[in-house]
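The residues making up each chain are set out below.
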Amino acid sequence: MAVDSPLSSPLGPPACEKDAKALQFIEEMTRNAESVQQRVLAEILSRNAETEYLRRFQLNGATDRETFKSKLPVITYEDLQPEIHRIANGDRSAILSAQPISEFLTSSGTSAGERKLMPTIKEELDRRQLLYSLLMPVMNLYVAGLDKGKGLYFLFVKSETRTPGGLLARPVLTSYYKSDHFKTRPYDPYNVYTSPNEAILCPDSFQSMYTQMLCGLLDGHQVLRLGAVFASGLLRAIRFLQLNWRQLAHDMETGSLNLKITDPLLRECIVKTLKPNPELAQFVHHECSKDDWEGIIVRIWPNTKYLDVIVTGAMAQYIPTLDYYSGGLPLACTMYASSECYFGLNLNPMCKPSEVSYTIMPNMAYFEFFPHEPNLDSTGFDFTRELPPKLVDLVDVEVGKEYELLITTYAGLCRYRVGDILRVTGFHNSAPQFHFVRRKNVLLSIDSDKTDEAELQTAVENASHLLREHNASVVEYTSHADTKTIPGHYVVYWELLVKDSTNSPDNDTLEQCCLAMEESLNSVYRQGRVADNSIGPLEIRVVKNGTFEELMDYAISRGASINQYKVPRCVNFTPILELLDSRVVSAHFSPALPHWSPERSQ
Ligand code: AMP
């Protein structure tokens, strides 16, 4: 029920006093976007004035925008590698931030095949928490009664390591779920989860998923929303249910917990609440044993009002599958964030996925935007230190234009290129709203893996060495992220030149080629294959000779210039995929898991 509050918001009537305050905060920040940005920059620069990094550029204590822009270079992760190495190796001096670096957050972006290490400071947790606290007040504007039930969220912690200097390195969500902010969060009727903390925090992914699913089934009728961070994660949960519903139903029937749940804390926590419930077990058995799983989510959790998952960017490929399993429930994309910084939220979360826009919150960091003109990229736009490019401020971006996002954070990243391309769709007050267009240089992505063109090229080269003994080589290749199966997998189409048809590469060799490609891909990919089971075995589809020429003919018939034609290294356009698939002569899958360990290789 909406409250008639003196704090009533232009966004809509808040559901409770607490929501009113959150909505008012959004209004204040977005109305004063410009002054908030100036304040944020001044705060960051004055706090970090004595850091080695800012001193290097002779800021001399200046905190104004003009000096900042004229003296500090635009940078990428590679530029910061020396500083990051020193911090990782134990140098505790104020290199990037005056406040101690509390840990590294491991981004899904990679550098030299390993996850990037993003330094962070303690107070960033508060900033992240603040953004989280705005999500439900906004959602409550659109969906009533979320305080009358629970959320079934599949949330997981991942492995963490220590750098040589002793700092923890782990994903940002692992850091958040393990923090007191999350573990000892005060009771909020609008934010009750079916998963106990013990299940979320269990490091074993099977035990964690199993118990989260079990609790979600036990609380089935109370579930009002279902989610995971990304669409791929929610589909993995559905796949898990397909594989494990018999055992889950057995546990419900008997009131005894699967012996594979061995984590003592988790076991104790679940056993306490698990009572025989033959009726529920029968229901789950009845629904899951049907061949047709269409609409399974609303059949098992009939009160679900929406799915809370990110389906923008690379995750858009999962929308049809989610629609299939959920009977077309609304898909809510609530926030836009990264390991480096949490950026903003969707003020209209029940909109269609194609219309999702994120409003950047000006208090999170100092934001700049580089106008993105794709042709400048290929000519190697000069981001030299002497000539800083003309970057646009948050409030000055223009509707309809595309930009690359740069951030200056409290943790010490200055004018750092995030790598995301965003398009301005409008403004909320004076804060712009962005459609997430894509991540730069990402060719293939199934889960949080991001494979670029160079990585794919190296992988193909490495694998094709195995063809030498057959006197064969790869003449052309392209790829596709196949998400029709769960988990999805990479498909690489190969056209081969076989010089001796009596010795053409056999299935064994091509399977080994699949594995060799996987071994060459970055550690996020290999972690997805090995530890998270979120990516299926890589597949090579060998196509008939002449297929890539046909591909070129097709592109030219659709207007491509014959001089400038380049083989696309990734294809998503259905007619082209159909053409490729109709020319496949054999398909081969990786026969084993590639190597992966949580330890970094450098
Ligand atoms: P990471 O650095 O591993 O935390 O990944 C952060 C990246 O994930 C961002 O820079 C985006 O490329 C992507 N991402 C995060 N949130 C969204 C979203 N809501 N929609 C699309 N892509 C997103």
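Residues numbered from 1 in each chain as written. Predicted model: local features only at pLDDT ≥ 70, side-chain atom pairs only at ≥ 80, totals over all residues. Heavy atoms only, no water.

Q: Sorry if this is basic, but what is going on with the overall build of the chain here?
A: The helix and strand tally for the chain stands at 21 helices and 20 strands. For a compact globule of 602 residues, the expected C-alpha radius of gyration is about 25 Å, and the chain comes in at 25 Å, within 12% of that figure. Along the longest, intermediate and shortest principal axes, the C-alpha atoms of the chain span 80 × 70 × 50 Å. Counting every position in the chain, which comprises 602 residues, the buried fraction comes to 56%. A sequence separation of at least 24 residues applies to 68% of the contacts in the chain between residues at least 6 apart. Accessible area of the chain: about 25600 Å², with a carbon and sulfur share of 52%. Each charge class in the chain was averaged separately, 59 positive and 75 negative side chains, and the resulting centres sit 3 Å apart. (Helix = DSSP H or I, 4+ residues; strand = E, 2+ residues; numbered from the N terminus. Rg over C-alpha atoms; globule rule 2.2 N^0.38 Å. Buried < 20%, exposed > 50% of the residue type's maximum accessible area, 1.4 Å probe, protein only. Contact = heavy atoms within 4.5 Å. Areas by Shrake-Rupley, 256 points an atom, 1.4 Å probe, with all protein chains shown as cover. Lys, Arg positive; Asp, Glu negative; His and termini not counted. Charge placed at Lys NZ, Arg CZ, Asp CG, Glu CD.)

Q: What exactly am I supposed to notice about the sheet that holds strand β3 (residues 150-154) here?
A: Sheet strands line up and pair through hydrogen bonds in the backbone, either parallel or antiparallel. Taking strand neighbours across the sheet as the criterion, the 4 strands line up as β3-β6-β7-β8 in an open arrangement whose pairing is parallel. Looking at strand neighbours, the two that pair on one side only are β3 and β8 (331-332), the edges of this open sheet. By the bridge criterion, 5 bridges tie β3 to strand β6 (residues 223-230) in an arrangement that is parallel. Bridge assignment links Lys 150 to a residue of β6, and that residue is Val 223. Sheet contacts for helix α10 (residues 205-218): β3 and β6; angle to β3, the most-contacted strand, approximately 160°. (Pairing = 2+ DSSP bridges. Axes fitted to C-alpha atoms, helices over the stretch in contact; angles between N-to-C directions.)

Q: Hey, could you run me through unusual backbone geometry in this one?
A: Excluding glycine, a negative phi dihedral is what most residues carry, and trans is how most peptide bonds are arranged. The peptide bond linking Ile 486 to Pro 487 adopts the cis configuration, its omega dihedral lying at -10°. Relative to the helices and strands, Pro 487 resides in the loop between β17 (472-482) and β18 (489-498). Its identity is not glycine, yet Ala 112 carries a phi of approximately 50°, on the positive side. Mapped onto the fold, Ala 112 is located in the loop between β1 (103-111) and β2 (114-120).

Q: I keep staring at the pairing of strand β12 (residues 366-371) and nothing clicks. Help me out?
A: The buried fraction of β12 is high, at 5 of 6 residues. For β12 and strand β14 (residues 402-408), the ladder comprises 6 bridges, and the chain directions are antiparallel. The residue of β14 that forms the bridge with Phe 369 is Leu 405.

Q: I would appreciate a short explanation of the nonpolar core in the present structure.
A: In summary, soluble globular proteins display a tendency toward joint burial of nonpolar side chains. Residues Leu 241, Trp 301, Phe 367, Phe 369, Leu 405, Trp 494 and Met 517 are the most contacted members of the largest nonpolar core, which totals 170 residues. It is helix α11 (residues 231-254) that contributes the most residues to this core, 11 residues altogether. Judged by nonpolar contacts, the second largest core, of 13 residues, contains Tyr 493, Leu 551, Val 571 and Leu 577. (Core = buried A, V, L, I, M, F, W, Y, C linked by side-chain atoms within 4.5 Å.)

Q: Mind showing me how you'd approach helix α18 (residues 507-520) here?
A: An α-helical turn contains 3.6 residues, so any two residues separated by three or four positions project in the same direction. The end-to-end C-alpha distance of α18 is 20 Å, a good match for the 20 Å that 14 residues give at a rise of 1.5 Å each. Along α18, the residues that are buried comprise Thr 509, Leu 510, Cys 513, Cys 514, Leu 515, Ala 516, Met 517 and Glu 518. Residues of α18 that are buried sit in contact with α17 (453-464), β18, α19 (523-530), β19 (539-543) and β20 (584-589). (Expected span 1.5 Å × (residues − 1).)

Q: Please explain the packing of α11 against helix α15 (residues 319-326) as it appears in this structure.
A: Between two packed helices, what matters for the description is the angle formed by their axes and the separation of those axes. Where α11 contacts α15, the axes come no closer than 10 Å and their chain directions differ by 45°. Considering their axes alone, α11 and α15 lie oblique with respect to each other. Read as a crossing pair, α11 and α15 show a hand that is left-handed. Two secondary-structure elements touch here, α11 through Ala 231, Leu 234, Leu 235, Ile 238 and Gln 242 and α15 through Thr 321, Leu 322 and Tyr 325. Its residues assigned to classes, the contact of α11 with α15 shows 6 nonpolar, 2 polar and no charged. (Parallel < 35°, antiparallel > 145°, perpendicular 65-115°, else oblique. Left-handed = near helix turned anticlockwise from the far one by under 90°. Nonpolar A, V, L, I, M, F, W, Y, C, P; charged D, E, K, R; others polar.)

Q: Help me out: how do you make sense of the pairing of β2 in this one?
A: The two faces of a sheet get side chains in turn, since along a regular strand they alternate between them. Of all 7 residues that make up β2, 7 are buried, and the element is covered over most of its length. Sheet topology note: the β1/β2 ladder contains 6 bridges and is antiparallel. Bridge pairing in β2 links Leu 105 to Met 118. The hairpin turn running from β1 into β2, its antiparallel successor, is 2 residues long, and Ala 112 in that turn takes a positive phi close to 50°.

Q: I'm lost on the UniProt feature "domain: GH3 C-terminal" (unreviewed entry) in the chain in this one. Help?
A: Under the UniProt annotation, "domain: GH3 C-terminal" (unreviewed entry) lies at residues 455-573. Helix and strand shares over residues 455-573 are 36% and 22% respectively, and the end C-alpha atoms of the span are 22 Å apart. (UniProt positions renumbered as here; feature names shortened; annotations may be inferred.)

Q: Honestly, the site of the ligand in this entry has me stumped. Any pointers?
A: In the vicinity of the ligand, 15 residues are found, and the nearest of them are Ser 108, Thr 312, Met 335, Ser 339 and Asp 420. A distance of 3.5 Å is found between an oxygen atom of the ligand and a side-chain nitrogen or oxygen belonging to Ser 107. Within the side chain of Arg 439, one N or O atom sits 2.9 Å away from an oxygen atom of the ligand. Bound to the protein, the ligand loses 90% of the 500 Å² it would expose on its own. Of all the secondary-structure elements, those providing two or more residues to the shell around the ligand are β1, β9 (335-337), β15 (416-428) and β16 (431-439). With 3 residues, β9 is the largest single contributor of residues to the shell around the ligand. Its residues placed into classes, the shell around the ligand shows 7 nonpolar, 5 polar and 3 charged. (Near = heavy atom within 4 Å. Polar contact = N/O pair within 3.5 Å; in protein donor to acceptor, adjacent residues only side chain to side chain.)

Q: Honestly, the sheet that holds β17 in this entry has me stumped. Any pointers?
A: In space, the 4 strands of this open sheet follow the order β17-β18-β19-β20, with mixed pairing throughout. Each edge of the sheet is formed by a strand with only one pairing partner; in this case those strands are β17 and β20. In this sheet, neighbouring strand axes are inclined to one another by 25° on average, regardless of whether the strands run parallel or antiparallel. Relative to β20, β19 runs antiparallel, the two sharing 5 bridges. Paired with Val 542 across the strands is Ser 586, a residue of β20. Packed on one face of the sheet, α18 meets β18, β19 and β20 and runs near 60° to β20.

Q: I keep staring at the pattern of salt bridges and nothing clicks. Help me out?
A: Once their charged atoms are close, side chains differing in charge can pair, the charge on each being opposite to the other. Tallied over the entire structure, the rule returns 37 salt bridges. For Glu 83, the salt bridge identified is with Arg 56, shortest N-O distance 2.8 Å. Separated by 27 residues along the polypeptide, Glu 83 in helix α5 (residues 77-88) and Arg 56 in helix α3 (residues 52-56) bring together distant segments of the chain. Classification of Glu 83 by relative accessible area gives buried; the value is 6%. When its relative accessible area of 38% is taken as the criterion, Arg 56 is described as partly exposed. Two residues, Asp 219 and Lys 150, come together in a salt bridge whose shortest N-O distance is 3.0 Å. Placement of Asp 219 in the loop between α10 and β6 and of Lys 150 in strand β3 is noted, with a sequence separation of 69 residues between them. (Salt bridge = Lys/Arg side-chain N within 4 Å of Asp/Glu carboxyl O.)

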